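Structure assessment
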Amino acid sequence: MKKIVRRVRPSTRDDRGMTLLELVIAMAVFGTMMLGIASMIGTGLAVTRTNRNRTVAANLAAQEMDEVRSADFTTLAAGSEVIDVDGVPYTVTREVTWVATSATSGPCDGTDTSPELLRVRISVTWNNMRAIAPVVSDTTLTPPAGVYDPNTGHVSVKVIDRDAEPVFTVPVSVSGPISQSTTTNIDGCAFLGFLPAGTYTVSLNAAGFVDRQSNATPTQTVGVTVGNVTSVQFDYDEAATLSLTPLSALAYAVPADVPLTIANDNLIPTQTKVFAGTGIPRSIPSMFPFLSGYQAWTGSCADADPEGDILDSEGLPIGDYWPGAMREPAIAVEAGDTSAANVHMHDGQIHVQNSLAVALAGVTVVATHAADSVCGTGETLTLGITDAGGNLNVAIPFGTWTISVSGLPPATTWSTIVIDPNGHAPVPNTAVTL
């Protein structure tokens, strides 16, 4: 019998169709391509939108510049307005600065040459600009002859922050023979021109700002002479706040009325300021945000400072109250922010008894510090009330204190307690005998 062999033709790739893996890969490739295309479309739309915004901004700048050139010279003033174009708000800002003919910068950075030209800068911004620069247009204008009295002088005011960067839109005013006001421009400069010769007070007033001495409305007195520019500079920044919590290592009670002292080399005249008050923690607002920060301790007298100096009769330092002691590290502060920190104190253990050595409960204990070169009238703290055993454990500022009981006359038996910043253990069992 003839054997019949059946040949089976191998299936080709086309006969099998796509496997699941191949389908997943194809979908991934397609998705990647679509993401790229979508990104390109989005980028293209963003570019188109940006170009349109810049075109509108350029037109607004040109329109504003036309208004400047056609306006009465004496009415030109700095300012800004918001203009809505097809639902997009554009901010048009006009800056006006007097400069000398040869000036390459504003009057705050030049010489005392009398200004002769009015420099006008128009800038236009809009929302979501990202890294796009504002549209800016500049021009200079010569005042018509006879508009201003040549027998006048001028004041330029430069306002910078703690980083020596210009501060924008700060209200500035001068008062004297006449009064003027304006705001600082983008260079932190305010120019008050054509003032009769005389003495003027220059002042700043921006909400939430302070100068280096915590003044919200700092002033300087200047003299204006004919034909010259008198230059003034202010350091002015958003105020910082200190939130300070006095505490002891053993969690002893802190007197609610303990004063706080802060220090910075820029504080005039003693590099320190004392803040009385009550409550724990204590908030100290309106502080200039020095890059070097502030050191802090409790108490207001000279020996409350771990680095306090002993002074002679002429006010010259002759030694240290606490040789080897150091203040705590400075507390960092930021403009417009609140910085919280602990102020560490040492502990005292006080026992009150009568002449028969019987403990006295429920009496109010007071600490008194004698007057010195820093606390001219001395300092008195209410430490607290003794417990059933006549004891009071309390945190006390550094220094030498007289411990007494409130409401009783002075007595020879009042005790003295010394709180040394070099020590770490509490001062034990200071007995007060009535």
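My aim in this report is to walk through the structure given alongside it, one point at a time. Just so it is clear, the structure is predicted and the values come from calculations on it, not from any experiment.

Attention shifts here to the nonpolar core. Of all hydrophobic cores here, the largest spans 22 residues; its most connected members are Val68, Tyr90, Leu118, Ile122, Val124 and Leu141. Of all the elements in the fold, those that place two or more residues in this core are helix H2 (20–70), strand S2 (88–99), strand S3 (117–126), strand S4 (135–141) and strand S8 (189–195). Tallying contributions element by element places H2 first for this core, with six residues. Apart from residues no more than four positions distant in its own chain, tyrosine 90 is found in contact with Arg52, Asn53, Val56, Ala57, Leu60, Glu81, Val82, Ile83, Val85, Val124, Thr125 and Trp126.

It is worth spelling out the packing of aromatic side chains at this point. The geometry of an aromatic ring pair is captured by two quantities: the separation of the ring centres and the angle between the planes. Tallied over the entire structure, the rule returns four aromatic pairs. Centre to centre, the rings of tyrosine 90 and tryptophan 126 are 6.1 Å apart; their planes meet at 50 degrees, and the pair counts as tilted. With tyrosine 90 in strand S2 and tryptophan 126 in strand S3, this pair connects stretches of sequence that are 36 residues apart. Judged by its relative accessible area of 0%, tyrosine 90 falls in the buried class. Here tryptophan 126 falls in the buried class, since its relative accessible area comes to 7%.

With that settled, the discussion passes to the side chain of glutamine 353. Among the secondary structure elements, glutamine 353 is positioned in strand S21 (residues 338–353). A relative accessible area of 18% means that glutamine 353 is categorised as buried. Reaching out from glutamine 353, the side chain makes a polar contact with the side chain of histidine 351 at a distance of 3.4 Å.

The rules behind these values
- Residues numbered from 1 in each chain as written.
- Predicted model: local features only at pLDDT ≥ 70, side-chain atom pairs only at ≥ 80, totals over all residues.
- Heavy atoms only, no water.
- Core = buried A, V, L, I, M, F, W, Y, C linked by side-chain atoms within 4.5 Å.
- Buried < 20%, exposed > 50% of the residue type's maximum accessible area, 1.4 Å probe, protein only.
- Helix = DSSP H or I, 4+ residues; strand = E, 2+ residues; numbered from the N terminus.
- Contact = heavy atoms within 4.5 Å.
- Phe/Tyr/Trp six-rings, centres within 6.5 Å; stacked < 30°, edge-to-face > 60°.
- Polar contact = N/O pair within 3.5 Å; in protein donor to acceptor, adjacent residues only side chain to side chain.

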